[in-house]
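Chains, contacts and geometry: an overview
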Amino acid sequence: MSMLTPQGLKGKQYRVTGNSYPRLGRPPKKSRKVIAALAGLLALALIGLGGVQLYDIFTGRNKNSSAQACATSSGKPLAAPTPGATPGAPAASGAPAAAQGDPHAVPQPTAVTVNIYNATTKAGLAGRTAEEFKKRGFVIGKVGNAPAELDKKVPGTAQVIAGPTGAGAGTLVGSQIAGATVTADARADATVDFVIGDSYNALLDETQAAAALALATKPSPTPTAAGSC
């Protein structure tokens, strides 16, 4: 037989006999309290972190962070794009947009002078087309055969020609016919030439022309670089 002093038996000596061994005592109550306190603090910390995240979600702090990330190098947020003016709509001062000096603003038909030229072999086509434009409110200028450089050289429905100051007027006239080609020259005034081509049959009806004008003047979406805000 031998004498053993197992750990946790508080220095008492026991005699080990046969197959029976003394049972170790439980850890001191003070250690259990410390472990329980640490577990409670950890649980409170996790609950607090979850509460902060929920608060951020419901109060929109994440959105504010995204807006700050999209700021320019000067620290100011990126400006929102300015909406484009409605074609033909009055400007803020009450005058038509075209009167404000913007050559690309689409004027009303009554402010547009159209010259009608026939580049085909069909007689009388320029006169009939001029009457159609007149019914829509356009001012009719010259009516006749196309100049030599265009005579029988317009394969499409029509060629619309305008100068730098008549860009908006050219867009308006071009919307009256399907498949028209709109080109520019160096004329100083805002008149528009409508040169009838070989494929011309008739102008679009006014509803179709309005839809074509809306499509032609619809602003293109601003391209966004990959990864930008």
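What follows deals with the overall build of the protein chain. Within the protein chain, the secondary structure is distributed over five helices and seven strands. Along the protein chain, helices and strands appear, N-terminal first, in the series β-β-α-α-β-α-β-β-α-β-β-α. For the protein chain, the proportion of its 229 residues judged to be buried stands at 25%. Pairs at least 24 residues apart make up 64% of the contacts formed inside the protein chain by residues separated by at least 6 positions. On the protein chain, roughly 15,900 Å² of surface is accessible, and the fraction owed to carbon and sulfur atoms is 59%.

Take helix H3 (residues 125-135) next. Given 3.6 residues per turn, any residue in an α-helix points the same way as the ones three and four places further on. Taken together, the buried positions of H3 are occupied by Leu125, Ala126, Thr129, Ala130 and Phe133. Down the axis of H3, the sector holding all buried residues measures 130 degrees, keeping them to one side. What points out from H3, more than 90 degrees from its buried face, is the exposed set Arg128, Lys134 and Lys135. The inward-facing, buried residues of H3 contact strand S3 (113-118), strand S4 (139-145), helix H4 (167-174) and strand S7 (192-196). Gly137 sits one or two residues past H3 and shows a positive phi near 100 degrees.

Looking now at the pattern of salt bridges. Counted according to the given criterion, the structure contains four salt bridges. Put simply, Lys152 and Asp151 hold a salt bridge, and the shortest N to O gap is 3.2 Å. Owing to a relative accessible area of 27%, Asp151 belongs among the partly exposed residues under this scheme. In this structure, Arg187 engages Asp185 in a salt bridge whose closest nitrogen and oxygen atoms are separated by 2.8 Å. Accessibility expressed as a relative area gives 17% for Arg187, which makes it buried. The partly exposed category is assigned to Asp185, whose relative accessible area is 31%. Salt bridges sharing common partners tie together Asp185, Arg187 and Asp193.

To continue, consider the packing of aromatic side chains. One pass over the structure, following the stated rule, counts three aromatic pairs. Ring geometry for Phe133 and Phe138: centres 5.3 Å apart, planes at 80 degrees, overall edge-to-face. Of the two residues, Phe133 and Phe138, neither departs from the other in class, the shared state being buried. Consider the rings of Phe194 and Tyr200, whose centres lie 6.3 Å apart with planes at 80 degrees: the pair is edge-to-face. Both residues of the pair, Phe194 and Tyr200, belong to the buried class.

Counting buried residues along S3, five of its six residues qualify, which places the element largely inside the surrounding structure. In this structure, S3 lies alongside S4, joined through five bridges in parallel fashion. Among the inter-strand pairings, Ile116 is bridged to a residue of S4, identified as Val143. In this view, the connection linking S3 to its parallel neighbour S4 by way of H3 has right-handed handedness. Strand direction decides the pairing type here: S3 and S7, joined by five bridges, are parallel. When the sheet's bridge partners are listed, Asn115 is paired in S7 with Asp193.

The residue Thr183 is located in strand S6 (residues 181-184) in this model. Placed twelve residues apart in sequence, Thr183 and Thr171 show a C-alpha to C-alpha distance of 9.9 Å. When near neighbours in sequence (up to four residues on either side) are disregarded, Thr183 contacts Gln159, Val160, Ile161 and Ala162.

Before going further, it helps to examine the sheet that holds S3. Ordered by their spatial adjacency, five strands build an open sheet running S4-S3-S7-S5-S6, and the pairing between neighbours is mixed. A strand with exactly one partner marks an edge of an open sheet, and here the two such strands are S4 and S6. In this sheet, neighbouring strand axes are inclined to one another by 20 degrees on average, regardless of whether the strands run parallel or antiparallel.

Let us now look at the nonpolar core. In summary, soluble globular proteins display a tendency toward joint burial of nonpolar side chains. One finds Val112, Ile116, Val173 and Phe194 to be the most contacted residues of the largest nonpolar core, which totals 22 residues. At the level of secondary structure, the elements contributing two or more residues to this core comprise S3, H3, strand S5 (158-162), H4 and S7. Considering each element in turn, this core owes the most residues, four residues, to H3. Excluding residues within four positions of it along the chain, Val112 makes contact with Pro107, Phe138, Val139, Ala169, Leu172, Val173 and Val192.

Calculation rules
Residues numbered from 1 in each chain as written. Predicted model: local features only at pLDDT ≥ 70, side-chain atom pairs only at ≥ 80, totals over all residues. Heavy atoms only, no water. Helix = DSSP H or I, 4+ residues; strand = E, 2+ residues; numbered from the N terminus. Buried < 20%, exposed > 50% of the residue type's maximum accessible area, 1.4 Å probe, protein only. Contact = heavy atoms within 4.5 Å. Areas by Shrake-Rupley, 256 points an atom, 1.4 Å probe, with all protein chains shown as cover. Arc of directions from axis to C-beta. Salt bridge = Lys/Arg side-chain N within 4 Å of Asp/Glu carboxyl O. Phe/Tyr/Trp six-rings, centres within 6.5 Å; stacked < 30°, edge-to-face > 60°. Pairing = 2+ DSSP bridges. Right-handed = clockwise from strand over helix to strand, strands pointing away. Axes fitted to C-alpha atoms, helices over the stretch in contact; angles between N-to-C directions. Core = buried A, V, L, I, M, F, W, Y, C linked by side-chain atoms within 4.5 Å.

Note that all results are geometric; they support no functional claim without further evidence.
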